[in-house]
Amino acid sequence: MSNKDFIKLALELADINGISSREEEVATYVRKQLSHFKDIKVERDNLGSIAFIKKGKAKDAPTISITAHMDEVGFMVTRIEKNGFIKFAPIGGWWGHVLLGQRLTITSSNGKEYTGVVGSTPPHILTEAQRSSVLSIDKMYIDLGTTSDKEVKDIGIKPGCMVTPTSQAFVGLDGDALIGKAFDDRISIAVGIEVLKRLEKVNHEANVILVCSTQEEVGLRGAKTSAYKWTPDVAFAVDVTIAYDMPGMEEKETKLRTGVALSLFDRSVIGNNNLVQMTEAVAKKHKIKYTFDSLPLGGTDAGTIHLTKDGVITMTLSIPSRYIHSHNSMVTVQDSLATVDLLVNFVREFNSKKLEELKYK
Ligand code: ZN
């Protein structure tokens, strides 16, 4: 796959609308991308996660899972007011600052998409106190340009409808930056698809499962059921992390264009140390750019995967991103492809002997 094909894949994935529990369009898209691989088996679980299973050639093959979440942060319609204004609640983490005056897309109960704006008060009439505080989301509303609740209800908009940022993904000036609404975590879905494509003609010993999980943004929920159903020997969660290269940020080595970030810990998991070392060795051997990452807050699917059954050897691989959880997060092609390279080489070289090296004796 050329860079151009990878960019197309990533942009298309970012543009699909799918909040937690509404990931079906993403699942369909991934299934289509991988449909021509005859040796990949597809399975689902009851929370909507979808697994693409590719067997390795070894009889006693260990299983490696690569998990990326399909859901994006968004909102749900909670109430339609008499005058047609629509109240909404966040699904996943949002900061009020990034929302006022923005466009949001409401997907109606008939599957049609409607664009509205989040109403904002003109600065002319703001009090000093209002001016210096962040408006909470429960005080916001979406305006579709209608005058009555009837108009809104007639087009099938009702409580429970999905709301997502209106933001078409695009390529930045350098041809490497990708900017769009749902790169958390669709960029990792693109990485997972690319890994399976590159492994097509590779005679690897280990089994590989790409798990596209659901409901990560509301508490790593799809990862819990999917890791129970498709329990691997070794698990990688692939997600985005903070790029520390914006003005005013503390100095950390993980930035845009520093390669794949090997996560040491976040609030949900401490990466298995043997796995972190083995993964670093693969990166070094193949001259893949990487940094070590640590996050005092936040979590990834690894947080629930590693606690499955009697424990799973797990770590997170992250793609640095600016402006996560907004209309326009930014990642780069080179960091994404570094993640692909690392995973492909890890899978190629992994076998039951290597698994023994990771295990407690
Ligand atoms: Zn994420």
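Conventions and cut-offs
- Residues numbered from 1 in each chain as written.
- Predicted model: local features only at pLDDT ≥ 70, side-chain atom pairs only at ≥ 80, totals over all residues.
- Heavy atoms only, no water.
- Salt bridge = Lys/Arg side-chain N within 4 Å of Asp/Glu carboxyl O.
- Helix = DSSP H or I, 4+ residues; strand = E, 2+ residues; numbered from the N terminus.
- Buried < 20%, exposed > 50% of the residue type's maximum accessible area, 1.4 Å probe, protein only.
- Expected span 1.5 Å × (residues − 1).
- Contact = heavy atoms within 4.5 Å.

Novice: Let's hear about the pattern of salt bridges: which residues, and what values?
Specialist: Summed over the entire model, instances satisfying the criterion amount to 17 salt bridges. Between Asp176 and Arg257 there is a salt bridge, with the nearest N and O atoms lying 3.5 Å from each other. On the criterion of sequence distance, the pair formed by Asp176 in the loop between strand 10 (170-171) and strand 11 (177-180) and Arg257 in the loop between strand 13 (234-242) and strand 14 (260-265) is long-range, its members being 81 residues apart. On the basis of relative accessibility, which here comes to 27%, the residue Arg257 falls in the partly exposed class. The salt bridge partner of Arg198 is Glu194, with a shortest N-O separation of 2.8 Å. You can see Arg198 and its partner Glu194 sitting in helix 5 (residues 183-198), 4 residues apart, about one turn around the helix. One network of salt bridges, with partners in common, ties together Glu72, Lys181 and Arg186.

Novice: Which residues make up helix 1 (residues 3-15), and what are the values?
Specialist: The α-helix winds at 3.6 residues per turn, so residues separated by three or four positions along the chain end up facing the same way. Between the first and last C-alpha of helix 1 there are 18 Å, a value that for 13 residues agrees with the 18 Å anticipated at 1.5 Å per step. Those residues of helix 1 lying buried are Phe6, Ile7, Leu9, Ala10, Leu11, Leu13 and Ala14. Buried residues belonging to helix 1 abut helix 2 (24-33), strand 10, strand 11, helix 5 and helix 9 (333-349).

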